[in-house]
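The lines below spell out each chain.
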Amino acid sequence: MAVETAVAATEPETYFSHEDRMFPDLEDGKIPTEQFIRACQGIADFVGFLGTAFGPVKSDINGNVTRVRAKYESNKEAMPYLQDLVDLDLKETGGNLGNATEALLWLKRGLEFMLELLSQMVAEYRANVDHTKTENLGHIVRGAYDKSLKRHHNFVSKQLFKMVVYAVPYRKSVLKAVALGHEGLDEVCIGHIESHLDNFRLNVSTIVEYYILKGLETRA
């Protein structure tokens, strides 16, 4: 299981070495709700490493996590899997987006953005021997935004995000935060982020497919 292989005990501790921040393995194609919510909170907190300009992104993800968690905690036994949560919310609203399903919809969109950002950051680091040439993350953030959130945002939001890109810290600063303030652990941090991505991607794609199945969102 991915949560059991997060980090070897002999490796330095980093932000992503904690099991609670790992997205869960699927169980018969379903996403365990509690671990998913914990992992989403971990992503929300990670956004804080990107600086104050990303405050609105962090706040948005946090708010949606809170709304999904509230639904889950209202009846945990009935919603062991995220699909159960969606089904129950739809049942209570006559098939329309309810508070929880709307929150999960926007949470999913935020996760798509963060998944793309982290994936591109790891890929670029791995592809370049001279890491000093790839320290600037502005183009990665812009690319991740273009592939995810941009199509869901109005004109004003798009213009605001253009400003955010210019405030992105350099990768070394982000990885130092991931290393919990320690220097010289870039390779370890990248490895820990990389180990996080497979289940992250699987969780997100599973939600996307379920929302399409339920007619809550198209692929566009």
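By the naming in an unreviewed UniProt entry, the chain is Glycolipid transfer protein domain-containing protein, taken from Steinernema carpocapsae.

Description of the overall build of the chain
Of the regular secondary structure elements, the chain holds eight helices and zero strands. Ordered by position from N to C terminus, the α and β elements of the chain give α-α-α-α-α-α-α-α. Taking all 220 residues of the chain together, the buried fraction comes to 47%. Considering only intrachain contacts with a sequence separation of at least 6, the fraction spanning at least 24 residues in the chain is 69%. Of the roughly 10600 Å² of accessible surface on the chain, 52% is carried by carbon and sulfur atoms.

A closer look at the nonpolar core
Grouped together as the largest cluster of nonpolar side chains are 63 residues, with contacts concentrated most on F36, F113, M114 and F200. Here this core takes 14 residues from helix α4 (residues 99-127), the largest share from any one element. In this structure F200 touches F23, I43, L111, M114, L115 and L118, once residues within four positions along its chain are discounted.

Overview of the pattern of salt bridges
Tallying each qualifying case throughout the model produces twelve salt bridges. Across the pair E112 and K108 runs a salt bridge whose closest N-O atoms are separated by 3.5 Å. Highlighted residues: E112 and K108, both in helix α4, separated by four residues, approximately one helical turn. Measuring nitrogen to oxygen at the nearest pair gives 3.6 Å for the salt bridge that ties E116 to K147. Taken together, the residues span a long stretch of sequence, with E116 in helix α4 and K147 in helix α5 (residues 138-147) at a distance of 31 residues. Under the relative-accessibility criterion, K147 is labelled exposed at 56%. Residues joined in a network through salt bridges with shared partners are D20, E34 and R38.

Focus: the environment of G51
Mapped onto the secondary structure, G51 falls in the loop between α1 (33-47) and α2 (55-74). Sequence-wise, G51 and V164 are 113 residues apart; in three dimensions their C-alpha atoms are separated by 9.6 Å.

Things to note about unusual backbone geometry
Not every positive phi belongs to a glycine, and D28 is a case in point at roughly 55°. With respect to the helices and strands, the residue D28 is situated in the segment before α1. The residue L180 is not glycine, and still its phi comes out positive at about 60°. With respect to the helices and strands, L180 occurs in the loop between α7 (171-178) and α8 (186-213). With a relative accessible area of 42%, L180 lands in the partly exposed category.

Side note on the confidence of the model for the chain
In this model, the chain carries an average pLDDT of 89, and 89% of its residues clear a pLDDT of 70 or more. Note on residues 1-8: pLDDT is under 50 here. Beyond four places in sequence and across chains, it has 15 contacts.

Considering the packing of aromatic side chains
Inspection of the entire model under this criterion finds six aromatic pairs. Between the aromatic rings of F16 and F46, the centroid separation amounts to 5.4 Å while the plane-to-plane angle is 50°, which identifies the pairing as tilted. Remark: F46 occurs in helix α1 and F16 occurs in the segment before α1; sequence separation between them is 30 residues. Since its relative accessible area comes to 0%, F16 is described here as buried. Through successive ring pairs, a cluster of aromatic residues spans Y15, F16, F46 and F49. A cation over an aromatic ring shows up here: R21 above the ring of Y15, its NZ or CZ 3.8 Å from the ring centre. The ring of W106 has R109 lying over it, and the distance from NZ or CZ to the ring centre is 4.3 Å.

Basis of the calculations
Residues numbered from 1 in each chain as written. Predicted model: local features only at pLDDT ≥ 70, side-chain atom pairs only at ≥ 80, totals over all residues. Heavy atoms only, no water. Helix = DSSP H or I, 4+ residues; strand = E, 2+ residues; numbered from the N terminus. Buried < 20%, exposed > 50% of the residue type's maximum accessible area, 1.4 Å probe, protein only. Contact = heavy atoms within 4.5 Å. Areas by Shrake-Rupley, 256 points an atom, 1.4 Å probe, with all protein chains shown as cover. Core = buried A, V, L, I, M, F, W, Y, C linked by side-chain atoms within 4.5 Å. Salt bridge = Lys/Arg side-chain N within 4 Å of Asp/Glu carboxyl O. pLDDT = per-residue confidence, 0-100. Phe/Tyr/Trp six-rings, centres within 6.5 Å; stacked < 30°, edge-to-face > 60°. Lys NZ or Arg CZ within 6 Å of the ring centre and 35° of its normal.

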